[in-house]
Amino acid sequence: MNEDIVEVHITKALTSSIIVEMLDKYPNLERITCAPSVYGRTSQTYISALKQLDIGVEKKYNWGAKSRTDGLEFEIKKLYEDGLSAKEIAQKTGITLNRVYYLLRKCRVSVHNRKTKHDYDKVKRYKAEGLSAKEIAQKLDIPLRSVYYILNNR
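Residues numbered from 1 in each chain as written. Predicted model: local features only at pLDDT ≥ 70, side-chain atom pairs only at ≥ 80, totals over all residues. Heavy atoms only, no water.

Trainee: Mind showing me how you'd approach the pattern of salt bridges here?
Mentor: Here the idea is simple: oppositely charged side chains can pair when their charged atoms come close. Considering all chains together, one arrives at three salt bridges under this definition. Between Lys60 and Glu7 there is a salt bridge; the shortest N-O distance is 3.6 Å. With a gap of 53 residues between them, Lys60 in the loop between β3 (56-59) and α4 (72-81) and Glu7 in strand β1 (residues 7-10) connect regions that are remote in the sequence. Of the charged contacts in the structure, one is a salt bridge between Lys78 and Asp82, with a shortest N-O distance of 3.2 Å. For Asp82, a relative accessible area of 53% translates into the label exposed. (Salt bridge = Lys/Arg side-chain N within 4 Å of Asp/Glu carboxyl O. Helix = DSSP H or I, 4+ residues; strand = E, 2+ residues; numbered from the N terminus. Buried < 20%, exposed > 50% of the residue type's maximum accessible area, 1.4 Å probe, protein only.)

Trainee: For this particular structure, what's the right way to read the side chain of Glu73?
Mentor: Here Glu73 shows up in helix α4. Lacking a salt bridge, the buried Glu73 has Lys106 as its closest oppositely charged neighbour, with an N-O distance of 4.2 Å. (Lys, Arg positive; Asp, Glu negative; His and termini not counted.)

Trainee: Even after reading the chapter, I still don't get the sheet that holds β3, so can you show me in this structure?
Mentor: Across a sheet, paired strands are connected by hydrogen bonds in the backbone, their directions being either parallel or antiparallel. The three strands are arranged β1-β2-β3 in an open sheet whose pairing can be described as parallel. The outermost strands of the open sheet, each flanked by one partner alone, are β1 and β3. The sheet shows a mean angle of 25° between the axes of neighbouring strands, direction not considered. (Pairing = 2+ DSSP bridges. Axes fitted to C-alpha atoms, helices over the stretch in contact; angles between N-to-C directions.)

Trainee: Could you clarify how one ought to interpret the environment of Thr96 in this entry?
Mentor: With respect to the helices and strands, Thr96 occurs in the loop between α5 (86-93) and α6 (97-106). Taking the C-alpha atoms as reference points, Thr96 and Ala86, 10 residues apart in sequence, are found 9.7 Å from one another.

Trainee: Can you walk me through the packing of α4 against α6 in this structure?
Mentor: The description of two helices packed together rests on the angle between their axes and the distance between the axes. Between α4 and α6, the least distance of the axes is 9 Å, while the angle of their chain directions is 95°. Compared by their axis directions, α4 and α6 come out roughly perpendicular. On α6, the residues touching Leu72, Glu73, Ile76, Lys77 and Tyr80 of α4 are Val100, Leu103, Leu104 and Lys106. Class assignment of the residues belonging to the contact of α4 with α6 gives a composition of six nonpolar, no polar and three charged. (Parallel < 35°, antiparallel > 145°, perpendicular 65-115°, else oblique. Contact = heavy atoms within 4.5 Å. Nonpolar A, V, L, I, M, F, W, Y, C, P; charged D, E, K, R; others polar.)

Trainee: Looking at this structure, I do not really get the pairing of strand β2 (residues 31-34). What am I missing?
Mentor: For β1 and β2, the ladder comprises four bridges, and the chain directions are parallel. Of the residues in β2, the one forming a bridge with Ile10 is Cys34. The parallel pair β1 and β2 is bridged by helix α1 (residues 16-25), and the resulting crossover is right-handed. Across four bridges, the pairing between β2 and β3 is parallel. Looking at β3, one finds that Cys34 is bridged to Lys59. (Right-handed = clockwise from strand over helix to strand, strands pointing away.)

Trainee: Help me out: how do you make sense of the nonpolar core in this one?
Mentor: What tends to happen in soluble globular proteins is that the nonpolar side chains get buried as a cluster. The biggest cluster of nonpolar side chains holds 16 residues, and the ones touching the most others in it are Ile10, Leu14, Met22, Leu29, Ile32, Leu50 and Val57. For this core, the secondary structure elements donating two or more residues are β1, α1, β2, α2 (36-41) and α3 (44-52). Excluding residues within four positions of it along the chain, Leu14 makes contact with Ile19, Met22, Thr42, Tyr46, Leu50 and Val57. In terms of nonpolar packing, the next biggest core, distinct from the first, is built from 11 residues, Ile76, Leu79, Ile89 and Cys107 among them. (Core = buried A, V, L, I, M, F, W, Y, C linked by side-chain atoms within 4.5 Å.)

Trainee: I'm lost on the confidence of the model for the chain in this one. Help?
Mentor: In low-pLDDT segments, the atomic positions of the prediction should not be examined closely. Model confidence for the chain is summarised by a mean pLDDT of 86, while 91% of its residues fall at 70 or above. Element-level mean pLDDT values for the chain span from 86 in α4 up to 92 in helix α8 (residues 133-140). (pLDDT = per-residue confidence, 0-100.)

Below, the structure written as structure tokens:
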């Protein structure tokens, strides 16, 4: 007997036996909710009898899986935007690294987990100063091919 429960969601059409069972199990029942298709299959006689007992029967859409994150993805996003790495977030919050990446993707955050080998900003700055690709490669001691890649793709 659950005296605290006042609302129940059902997935089957109401019958007299289901109503009696629910009234025994939930003595303080005030409202029964169900999908529109279940409501349509339930006899209006049962609905009016429950209304006389001050128990409302309502249509309620209860579709889809419920979120298991409870807003955790926004906390993860804020930590990531504050400069913490995904690994640091996982350690701080006590969740797995894969879950951190999942929650970041759910918030549509692009994760940059690759470290760049070369300083792209320096290459671009030297190019803007008028140095040739060969001079940039010599000055930064990086392959000429990498300089061309940075200048053409970034």
